[in-house]
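# A structural walkthrough
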Amino acid sequence: MDVQHHTPWHEYFGFSLDHKVIGIQYLVTGFFFYLVGGTLAGMIRVELVTPLSDFMARDTYNQVLTLHGTIMIFLWIVPVVNGAFGNYLVPFYVGARDMAFPRLNAVAFWMLPPAGFLLLSSYFIGGAAQSGWTAYPPLSITTPAVGQMIWIMSVLLLGGSSIFGAVNFIATILKLRRPGLGLFQLPMFCWAMLGTSVLVVLATPVLAGALILLSMDIVAGTGFFNPALGGNAVVYQHLFWFYSHPAVYIMVLPAFGLVSEILPIHARKPLFGYRSMIYSILGIVFLGLIVWAHHMFTSGTPPWMRLFFTIATAIIAVPTGIKFFNWLATLWQGKLALNSALLFCCGFIFNFVFGGITGVALAQVPFDVHVHDTYFVVAHFHYIVFGGTVFVIFAAIYHWFPKMSGRLLNEHLGRLHCLLSFLGFNICFFPQHWLGLNGMPRRVAEYDPQFQLINQISSVGALLLAISTLPFLINVVWSAWKGAPAGDNPWRACTTEWLTSSPPPVENWLREAPLVTEPYDYGSVEDAMPVTTVRGRELWSAGR
Amino acid sequence: MPIPASVLTLAAGILLALVSLWVGQNINLMPVAAADDAATVDALFKVLLSIGVGLLLGITAMLVVALVHFRRRPGDHLDGPAVEGNLPLEIFWTAVPAIVILMLGVYSYDIYARMGGMADFNHHTSMPPPEVEQASLGNPADPETVIWGGIDRAEGMAFPVEVTAMQFAFIFHYPQQNFTTGELHLPLGQPVELQLKSNDVIHAFWVPEFRLKQDVIPGQPTVLSFTANRQGDYDIICAELCGPYHGGMRSKVVVEDSRSFEEWLIRNTPATVATAPDSSQTA
């Protein structure tokens with residue numbers, strides 16, 4: 001492939017319609033906000049080094065924790081696992097030259113930076129929102145209105161962006177598949193994105209509705225959620241969690257999909273249990289929509305609801321467990337390349353299993369009544385979204401950076417990054433379980449002095465996490481500039497994004513889109529495949 | 001002769017089960033238990049801890065063994081075996097977790113029902129005096145009198161205390177004695193019923209040693225009934241973000257034997273009401 005069609009650098013700063021450019025735009029923008037949100041997390045951990053509220057003002061602390069949660073969810077994890085990797089990979093996997101609606105795709109991305117800077121600006125004009133990322137009324141109605149309204153505007157924009165993206169993914173996966181490519185021949189990431197996008201389309205409008213009603217309570221004096229005017233504050237919680245519990249799966253399912261792509265390649269084995277992986281995704285999507293009230297076991301919900309939501313919540317562990325057993329079986333007897341991508345995936349498996357176990361515990365109402373709204377919950381969801389999804393994001397960056405840039409990342413720095421992240425993460429969040437069990441509530445700037453030592457250990461872990469990003473940043477900047485050339489297919493992979501140059505041309509493939517009906521065609525039994533299947537490895541060797 | 005893999009697996013499984021049972025029974029992560037149902041919650045937690053430790057250790061061990069044993073040796077460019085699935089194995093690891101999860105659900109439902117979490121709150125709203133009913137005809141289901149949720153043993157003889165939460169304090173009113181304090185005193189071994197109301201935003205009443213927490217919601221009264229069974233002072237902690245001083249919103253609950261509790265009640269009861277027991281004493 002001699003015709004190298006390079007994307008000019010300024011296209012990455014403009015209204016590009018190329019799904020690969022948009023994917024990288026999402027990734028870089030998201031990572032910028034990750035650094036902002038991480039700095040805010042650092043401020044929280046500094047405040048909690050001492051039991052007194054002595055590092056920042058109390059209302060500033062609440063602004064910081066609100067911004068931290070909102071930024072990490074809506075500007076880092078959701079846009080990166082969906083927007084960045086979804087955009088980059090889905091057209092490749094379905095054999096298309098771009099997304100179904102390229103212009104809508106660009107619009108969805110360009111809603112992100114304004115929304116992010118709008119959110120950050122609120123801190124400088126009268127103070128950011130201070131009612132947490134959950135924005136429960138009546139607190140969100142009684143705290144300063146400007147910050148809260150800007151928060152609502154920003155989240156509405158981000159939710160809109162998310163819906164645009166989801167519509168595009170559904171259309172692309174269902175309608176833009178290359179002729180001859182069946183749904184049950186797609187790489188698992190496409191199924192994950194399909195499931196996620198269905199969740200986004202069904203659940204996000206409910207959040208938008210809740211936030212619009214909330215904004216009317218704030219600026220127009222209505223009383224939807226304001227008990228002083230006869231409103232019902234708990235209804236907001238139902239509407240909020242109807243989106244925000246599926247949001248956990250919106251953050252986690254694409255990560256599951258990415259792991260299913262990365263592990264078989266570096267383990268040199270087919271993905272174990274392809275069909276059961278798909279059914280698990282569908283099961284998680286369905287169950288994910290009917291578990292929201294487990295966030296409200298102490299909110300005065302009726303007893304039947306607690307029973308129903310306990311069982312529904314716990315049952316989600318079954319399809320989730322299937323996925324983890326399948327991944328372990330994929331690794332088992334493989335030829336594991338212990339590179340950064342695979343090690344980050346293994347870190348993800350450990351962390352997510354840990355977070356899943358505490359999740360099943362939290363589903364049990366009598367136990368949840370004790371630890372709800374404590375640091376136990378803080379530890380639990382960081383094990384899911386940080387130890388889970390963020391570890392997968394890093395694994396995916398190590399895996400696809402060669403394709404995106406044409407250069408390999410440095411493996412020594414990568415493994416150092418992985419080790420520091422794993423240690424820092426677990427030192428930071430493991431002790432927080434004990435804090436919650438023993439009486440430290442979440443979202444506090446001051447705490448009982450008996451918890452000081454454990455909080456300090458947790459803060460040391462946070463410091464280590466901050467340090468862990470340095471080798472990564474050095475690695476990315478250095479490798480993009482001077483890294484070893486990756487070649488088309490450094491991992492000897494079978495999926496279609498590797499059957500083209502690195503970086504790929506605008507049209508993705510210079511020739512006809514390759515048809516790969518066996519995306520996990522690894523393994524040493526050469527004749528096991530029926531003759532009619534099209535094998536990525538043959539296309540790859542034919543193209544060379 | 002090498003030991004067969006099945007024997008090794010069995011031995012590892014037994015060892016894993018023993019270790020996780022030991023951890024569940026012997027590692028105490030909870031604060032002291034000071035209410036009747038706290039011990040049952042702790043028993044549930046021990047079961048969860050055992051299962052969790054077993055699962056985590058098992059999966060971590062498999063992960064580590066895979067990383068060490070199946071790592072790619074230098075110069076090895078071959079693939080692993082092309083195993084795409086194993087239906088009996090997949091059915092096994094779907095069914096076993098499903099059964100464990102359902103059993104856990106039944107177990108925790110049973111505990112929660114015994115604690116009073118599944119109580120019907122209707123008895124609280126029943127039978128207002130006829131004249132009151134007349135007066136509130138325009139608003140038959142006044143949200144201020146309906147109990148919206150909570151934990152209620154429905155024993156009817158529980159000692160009532162009205163708890164009001166506001167930014168950033170809890171206030172306790174003893175309706176039978178008609179006085180208000182900033183420190184909750186409770187009788188040892190006697191059922192009590194806290195009736196919780198909020199004046200401004202949502203708070204949560206949490207005493208870690210009782211293993212009990214209930215949101216205090218403006219416009220939606222809730223209840224929390226339990227029996228304290230261990231003397232001592234415990235912290236009451238607000239667990240729902242309620243504003244800048246949320247972290248400082250704490251109070252104290254004193255659990256004392258019935259004699260000290262009665263004395264404390266009498267000491268605090270306003271003079272007009274307190275004359276009755278005083279005069280009987282002097283007579």
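Source: prediction; values computed, not measured. (Residues numbered from 1 in each chain as written. Chains lettered and ligands numbered in written order. Predicted model: local features only at pLDDT ≥ 70, side-chain atom pairs only at ≥ 80, totals over all residues. Heavy atoms only, no water.)

Within chain B, the regular secondary structure consists of seven helices and eleven strands. Once local pairs closer than 6 in sequence are excluded, the contacts in chain B between residues at least 24 apart make up 70%. (Helix = DSSP H or I, 4+ residues; strand = E, 2+ residues; numbered from the N terminus. Contact = heavy atoms within 4.5 Å.)

Next up on the list: the overall build of chain A. Helix and strand counts for chain A stand at 17 helices and zero strands. Split into buried and exposed, the 544 residues of chain A put 67% on the buried side. Taking all contacts inside chain A whose residues are at least 6 apart in sequence as the whole, residues at least 24 apart take part in 81%. For chain A, the accessible area works out to roughly 17,300 Å², and carbon and sulfur atoms hold 72% of it. Charged side chains in chain A number 25 positive and 23 negative. The centres of these two groups are separated by 6 Å. (Buried < 20%, exposed > 50% of the residue type's maximum accessible area, 1.4 Å probe, protein only. Areas by Shrake-Rupley, 256 points an atom, 1.4 Å probe, with all protein chains shown as cover. Lys, Arg positive; Asp, Glu negative; His and termini not counted. Charge placed at Lys NZ, Arg CZ, Asp CG, Glu CD.)

Residues and elements named next belong to chain B. In terms of domain boundaries, chain B breaks down into domain 1 (5-70 + 88-115) and domain 2 (140-282). A separation of 37 Å is found between the C-alpha centroids of domain 1 and domain 2. Counting residues at the interface gives 14 residues for domain 1 and 13 residues for domain 2. Buried area between domain 1 and domain 2, summed over both chains or domains, comes out near 1,200 Å², and the portion from carbon and sulfur atoms is 52%. In this structure, the connection of domain 1 to domain 2 is made through one salt bridge. Arg211 is the partner of Asp42 in a salt bridge, and the nearest nitrogen-oxygen pair spans 2.7 Å. At the boundary of domain 1 and domain 2, one finds eight residue pairs in polar contact (both at pLDDT 80 or more). (Domains from an automatic or database assignment. Buried area = accessible area lost by both parts, 1.4 Å probe. Salt bridge = Lys/Arg side-chain N within 4 Å of Asp/Glu carboxyl O. Polar contact = N/O pair within 3.5 Å; in protein donor to acceptor, adjacent residues only side chain to side chain.)

Residues and elements named next belong to chain B. Considering all chains together, one arrives at twelve salt bridges over all chains under this definition. A salt bridge links Arg250 to Asp235; the nearest nitrogen and oxygen atoms lie 3.4 Å apart. Here Arg250 is found in strand β11 (residues 250-256), whereas its partner Asp235 is found in strand β10 (residues 232-238), with 15 residues between them in sequence. Overall, Arg250 belongs to the partly exposed group, its relative accessible area being 27%. Take Asp235: its relative accessible area is 28%, and that puts it in the partly exposed class. The structure contains a network of salt bridges with shared partners spanning Glu183, Asp233 and Lys252.

With that settled, consider helix α8 (residues 233-267) of chain A. Residue and element names in this part refer to chain A. Over its 35 residues, α8 extends 51 Å from the first C-alpha to the last, a length consistent with the 51 Å expected when each residue adds 1.5 Å. By the largest-angle criterion, Trp241 marks the main kink of α8, which is about 35°. Here α8 lies mainly inside the structure; 31 of its 35 residues are buried. Looking one or two residues past α8, Arg268 carries a phi angle of roughly 55°, positive in sign. (Expected span 1.5 Å × (residues − 1). Bend = angle between axes of the 7 residues up to and from the residue.)

Residues and elements named next belong to chain B. Across the sheet, which stays open at both edges, the five strands sit in the order β5-β11-β10-β7-β8 with mixed pairing between neighbours. Among the strands making up the open sheet, the edge pair consists of β5 (184-187) and β8 (212-216). Looking at each pair of strands side by side, their axes are set apart by 25° on average, direction ignored. Direction of pairing for strand β7 (residues 203-207) relative to β8: antiparallel, over a ladder of five bridges. Each bridged residue has a counterpart across the sheet, and for Phe205 the counterpart in β8 is Gln214. (Pairing = 2+ DSSP bridges. Axes fitted to C-alpha atoms, helices over the stretch in contact; angles between N-to-C directions.)

Right, let's talk about the side chain of Gln130 of chain A for a bit. Within the secondary structure layout, Gln130 of chain A lies in the loop between α4 (112-124) and α5 (139-142). Taking relative accessible area as the criterion, Gln130 of chain A reaches 7% and is therefore assigned buried. With residues up to four places along the chain from it excluded, the contact list for Gln130 of chain A reads Asp59, Asn62, Gln63, Thr66, Leu139, Thr143, Pro144 and Gln148 of chain A together with Leu241 and Pro244 of chain B.

Moving on, we come to the sheet that holds strand β3 (residues 169-174) of chain B. All names here are of chain B. The strand order β1-β9-β6-β2-β3-β4 describes an open sheet built from six strands, whose pairing is mixed. Edge strands, defined here as strands with exactly one partner in the open sheet, are β1 (149-151) and β4 (179-181). When strand polarity is set aside, the average angle formed by the axes of neighbouring strands in this sheet is 20°. The pairing of strand β2 (residues 159-166) with β3 spans five bridges and is classified as antiparallel.

Every contact between the two is made by 84 residues of chain B and, on the other side, 92 residues of chain A. Contact between chain B and chain A buries roughly 7,300 Å² in total, counting both sides, with carbon and sulfur atoms accounting for 68%. Taken together, the connections running from chain B to chain A amount to two salt bridges. With a closest N to O distance of 3.0 Å, Asp79 of chain B and Arg268 of chain A form a salt bridge.

This paragraph deals with the confidence of the model for chain B. Chain-level statistics for chain B give a pLDDT mean of 84 and a share of 85% at 70 or above. For residues 124-140 of chain B, every residue scores under 50 in pLDDT, and the model assigns this stretch seven contacts once sequence neighbours within four places are set aside. (pLDDT = per-residue confidence, 0-100.)

Another aspect to go through is the packing of helix α2 (residues 58-94) of chain A against helix α6 (residues 145-175) of chain A. Two packed helices can be described by the angle between their axes and the distance between those axes. Residues and elements named next belong to chain A. Orientation of α2 relative to α6, taken along the N-to-C sense of each, is 15°, at an axis distance of 11 Å. What the angle tells us is that α2 and α6 run roughly parallel. Along this stretch, α2 crosses α6, giving a crossing that reads as left-handed. Contacts between α2 and α6 involve Thr66, Thr70, Phe74, Leu75, Val78, Asn82, Gly86, Asn87, Val90 and Val94 on the former and, on the latter, Trp151, Val155, Leu158, Ser162, Phe169, Thr172 and Ile173. (Parallel < 35°, antiparallel > 145°, perpendicular 65-115°, else oblique. Left-handed = near helix turned anticlockwise from the far one by under 90°.)

Before going further, it helps to examine the packing of aromatic side chains. Residue and element names in this part refer to chain A. Evaluated as defined, the whole model comprises 71 aromatic pairs over all chains. When the ring of Phe256 is compared with that of Trp327, the centres are 5.4 Å apart and the planes differ by 75°; the resulting orientation is edge-to-face. Taken together, the residues span a long stretch of sequence, with Phe256 in helix α8 and Trp327 in helix α11 (residues 317-331) at a distance of 71 residues. For Trp327, a relative accessible area of 0% puts it in the buried group. Here the aromatic rings of Trp327 and Phe348 are separated by 5.6 Å at their centres, their planes lie at 65°, and the arrangement is edge-to-face. One end of the pair, Trp327, is in helix α11; the other, Phe348, is in helix α12 (residues 340-363), and 21 residues separate them in sequence. Here Trp327 matches Phe348 in class, with each residue buried. Cation over ring: Arg275 sits above Phe184, and NZ or CZ is 3.9 Å from the ring centre. One Lys or Arg, Lys482, reaches over the ring of Trp481 and ends 5.2 Å from the middle of that ring. (Phe/Tyr/Trp six-rings, centres within 6.5 Å; stacked < 30°, edge-to-face > 60°. Lys NZ or Arg CZ within 6 Å of the ring centre and 35° of its normal.)

Take a nonpolar patch on the surface next. Taken together, the side chains of Leu35, Leu463, Ile467, Leu470, Leu473, Ile474, Trp478 and Trp481 of chain A make up a nonpolar region of the molecular surface, amounting to roughly 800 Å² of accessible area. Residue contributions to the nonpolar patch peak at seven residues, all from helix α16 (residues 452-482) of chain A. (Patch = residues over 30% accessible without salt bridge, like charges linked within 9 Å, V, L, I, M, F, W, Y side chains within 5 Å.)

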